[in-house]
Structure formats: C-alpha cells, structure tokens
Amino acid sequence: MNNEKPSISIIGAGAAGTALAIALHRKGYPIHAVASRSEASAQRCASLVDAPRTTTDLALAAQSSEVVIIATPDGAIRQVCEQIARGNGFSGYQLVLHLSGALGAEELQSARDCGAITLSFHPIQTLSDPQKGAELLIGSYFCLEGERAAIERGQALVSDLNGTALVISDQDKALYHAALCMASNYLIVLQDMAVRMLEPTGIPREQALKALLPLIQGSVDNLLHSGLPHALTGPISRGDSQTLESHLRAMSALPKDLVALYQSLGIEAVRVAREKGNLNPADARDILILLEAPNQV
Ligand SMILES: NC(=O)c1ccc[n+]([C@@H]2O[C@H](COP(=O)([O-])OP(=O)(O)OC[C@H]3O[C@@H](n4cnc5c(N)ncnc54)[C@H](OP(=O)(O)O)[C@@H]3O)[C@@H](O)[C@H]2O)c1
C-alpha cells in the first residue's frame, strides 16, 4: 500500500462507488473504510479493495480518511452528508466529494460547515459492473465543480486515474448534465425508435437491434476518427433529396412521433452537413422544404 496517496472512505458501495474505489486502489490510494446502507454491500466493496473497515455507521467511516467519497444515489447525497455532519464525521483537513452529474457541490454544504472542502466529481462514464467500471474509469473525463482548493485536489485524483478534468461552474451543472443525457440516454431512445421503424418491414425486434449495432459502432468509429461535423454520412450529407422524399413517403403510415423526430433530427442534420461543407445551399433548401412539410409529400 502506498501511503503517500491520501486515504479514502467510500460512502455508498454501489456501482459507481465500488468502481471508483477499485480504480483508486489500483493507483495506490489506501481505502480505509467502506460504509453503505447495508453491511453486505460495504463488505462486497471492501473485499475488492482491501479496506480494513466496513460499517453502516457513515460518520465513523468518514472520520477514517482524508477524502470522503459520497457515492449514494443523487436523491440521498444531501441527507447522507447531513447525517455524517451530525455524527461529527467531517473535519477541516478533508476533501468531501459526490459523484452526481446533475447536482452541484452545494449538496455538501453541511460538510463545508464542518470545515471540509467540497467538490462535485462526475465521471463521464457508464458504470455497472464494478471491475469493468474500474477499467473504464482509467483514462476517462471527469467534470469537476466546487471551490478552488477542492478542484486542485480533485485534479490530482483525475491525473492519477490518467483522466482529463473538465472544470465548470455550479450554474452550468444542469445544462452540462442535459447534454450528457442527449449524448448517451437519447442514443438508446433513438435505437428504440429505429427498431420500431423496422418492425413493419417484418424484421423482428431482437434481430433488428443486432443488425443495427455494427452500424452504430461504425458511426462511433467515425466520430472517433473524423470528429464533428465530418463524421456525418447519409443522404442529407450527400444532398440526396430524392431519397429523403422516399423516406417521408414510406413513413406516412407510421406514428406521428416517429415522423416528427425524423423531421427535427433531419433539420439538425442539414445544419451539420452545411458545416461539413459538402451540402450546397440549393440542396439544403430542397431538403428543408421536405422535412418541414412531410405530410405534403
Ligand atoms: N452508475 C453510473 O453509471 C454513474 C456514472 C457517473 C456517476 N454516477 C453517480 O454515482 C452515484 C451513485 O450511483 P450508482 O449508479 O453507483 O448507484 P447505485 O448502484 O444504486 O449505488 C448507490 C449505493 O448507495 C447506497 N445507499 C443508498 N442510500 C444510502 C444511504 N442513505 N446511506 C448509505 N448508503 C446508501 C446503496 O447501498 P446499499 O447497496 O447498501 O443499499 C447503494 O449501494 C450517483 O450520484 C450517480 O449519479 C453513477
């Protein structure tokens, strides 16, 4: 164990807390205590990171370390922090952080009142299996928001995880989180809608998703290699209004929500294609006329 790294207490031994504990442990951070609502979760996490103490006494766990990571669900962060503060779990030398993407460091005001410095420390990752999550965290981006001293200490954690820190202000946290939902959650919703569009063609739901996955992977690879706006391909990028017209005709019997989504994303695709530079103004205008009035096709 490398005692040069600050000691860590994990409060909330779920998917994110356990993944982060494993990742930090691998980078030489001693995990002094793991606390959770249930002893079973705390023990499961502790066994993966050689933590000497497991408890359901959150304040006791917090007292053990220089860095307290509150990894409970968003809705419990403020109340858990207050509970630890009431139990004298915080002190002046500590960094207290939570992992929420949507909430700011102000959720940890009760720790601040005890003299600790506070940070929202959001890994821009999807974490479910703890071991896999720990691997994913290495090299990830992390969004940090909080007071300057806390950000500096958070940046050291990110750097040890070979990651990149993005620093934003508290008033931008909700917009930041909305953008991430757009990028991640709505990608899933888009696939659901594409599968619904394939159903009338006779392609079964299970096969439809399997068939789409390599296409999605290809698009992600394009993003990786070409970035925005160059990753965009397809009929709008090529200025192919005839194909667009045939799409809209074929969709006329589909539910209105599918058609409306296709239209609005298509209008955005025209903007991206113009930015990419290979859609001329005349073709862009023809396509926009189709997308804005699909029922007349
Ligand atoms: N999972 C992700 O992909 C991800 C990514 C980035 C950020 N985050 C953030 O990470 C945080 C945790 O999310 P998660 O996905 O890890 O949730 P999770 O898997 O549900 O884990 C939350 C853990 O918190 C514990 N807990 C709940 N209420 C508690 C309380 N009152 N006192 C003590 N422990 C309590 C639960 O304990 P028991 O098991 O003992 O009941 C559970 O193990 C959230 O702020 C989330 O926004 C998650």
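A. Molecular detail of the domain arrangement of the protein chain. By the assigned domains, the protein chain splits into domain 1 (8-169) and domain 2 (182-296). Look at where the C-alpha atoms of domain 1 and domain 2 centre, and you get two points 40 Å apart.

B. Molecular detail of the site of the ligand. Contacts to the ligand come from 26 residues, most closely from Gly12, Gly14, Ala16, Ser36 and Ser41. Elements that contribute at least two residues to the shell around the ligand include exactly helix H1 (15-26), helix H4 (74-86) and strand S6 (117-123). Taken together, the residues of the shell around the ligand break down into 11 nonpolar, 13 polar and 2 charged.

C. A look at the packing of helix H13 (residues 256-276) against helix H14 (residues 281-292). Interaxial distance between H13 and H14 falls to 9 Å at its minimum, and their mutual angle equals 170°. By the angle class used here, H13 and H14 are roughly antiparallel. In contact with Gln263, Gly266, Ile267, Val270 and Arg274 of H13, H14 contributes Ala284, Ile287, Leu288 and Leu291. Within the contact of H13 with H14, the residues separate by chemical class into 6 nonpolar, 2 polar and 1 charged.

D. The pairing of strand S4 (residues 67-70), seen in detail. Residues Val67 and Ile69 line one face of S4 and the alternating positions Val68 and Ile70 line the opposite face, and both faces are buried. Sheet analysis places strand S1 (residues 8-11) next to S4, joined by 4 bridges and oriented parallel. Within the sheet, the bridge partner assigned to Ser9 lies in S4 and is Val68. In the sheet, S4 pairs with strand S5 (residues 95-98) via 4 bridges, with the strands oriented parallel. Residue pairing across strands places Val68 opposite Val96, the latter belonging to S5. Each parallel crossover has a hand, and for S4 linked through H4 to S5 it is right-handed.

E. The arrangement of the nonpolar core in detail. Counting 57 residues, the largest nonpolar core has Ile10, Ile11, Val34 and Ile69 as its most contacted members. If one sorts the elements of this core by residue count, H1 sits on top with 7 residues. Not counting residues within four places of it along the chain, the set of residues in contact with Ile10 comprises Gly17, Ala21, Ile31, Val34, Cys45, Ile69 and Ala71. Formed by 9 residues, the second largest nonpolar core is a distinct cluster that contains Ile236, Ala269, Leu279 and Leu291.

F. Representation of the pairing of S1. What you see with S1 is no split at all: Ile8 and Ile10 on one side and Ser9 and Ile11 on the other are buried throughout. Summarising the sheet, S1 and strand S2 (residues 31-35) pair through 4 bridges and their orientation is parallel. What sits directly across from Ile10, in S2, is Val34. Regarding topology, H1 serves as the crossover connection from S1 to the parallel S2, and that connection is right-handed.

G. Examining the sheet that holds strand S8 (residues 164-167) more closely. Spatially, S3-S2-S1-S4-S5-S6-S7-S8 is the arrangement adopted by the 8 strands of the open sheet, whose pairing is mixed. Looking at strand neighbours, the two that pair on one side only are strand S3 (53-55) and S8, the edges of this open sheet. The mean inter-strand angle of the sheet, taken between neighbouring strand axes irrespective of direction, is 25°. For S2 and S3, the ladder comprises 3 bridges, and the chain directions are parallel. Looking at the pairing, Ala35 lines up with Thr55 of S3.

H. Region of the structure containing the environment of Gly234. The topology assignment puts Gly234 in the loop between helix H10 (205-226) and helix H11 (235-238). As a C-alpha pair, Gly234 and Ala183 span 51 residues in sequence and 20 Å in three-dimensional space.

I. Representation of the environment of His32. Mapped onto the elements of the fold, His32 is located in strand S2. With 19 C-beta atoms packed within 10 Å, His32 lands in the partly exposed category. When sequence neighbours within four positions are dropped, the list of residues in contact with His32 reads Ser7, Ile8, Ser9, Ala51, Pro52, Arg53, Ser64 and Ser65.

J. Representation of the packing of H1 against helix H2 (residues 39-49) in the model. The contact between H1 and H2 brings their axes to 9 Å, and the two run at 15°. Considering their axes alone, H1 and H2 lie roughly parallel with respect to each other. Note that H1 runs across H2; the crossing there is right-handed. Listed contacts from H2 to Gly17, Thr18, Ala21, Ile22 and His25 of H1 are Cys45, Leu48 and Val49. In terms of residue class, the contact of H1 with H2 is made up of 5 nonpolar, 3 polar and no charged.

Cut-offs used in this document
Residues numbered from 1 in each chain as written. Predicted model: local features only at pLDDT ≥ 70, side-chain atom pairs only at ≥ 80, totals over all residues. Domains from an automatic or database assignment. Near = placed C-beta within 6 Å. Helix = DSSP H or I, 4+ residues; strand = E, 2+ residues; numbered from the N terminus. Nonpolar A, V, L, I, M, F, W, Y, C, P; charged D, E, K, R; others polar. Axes fitted to C-alpha atoms, helices over the stretch in contact; angles between N-to-C directions. Parallel < 35°, antiparallel > 145°, perpendicular 65-115°, else oblique. Contact = placed C-beta atoms within 7 Å. Buried ≥ 20, exposed ≤ 12 C-beta atoms within 10 Å, placed from the backbone. Pairing = 2+ DSSP bridges. Right-handed = clockwise from strand over helix to strand, strands pointing away. Core = buried A, V, L, I, M, F, W, Y, C linked by C-beta atoms within 7 Å. Left-handed = near helix turned anticlockwise from the far one by under 90°.

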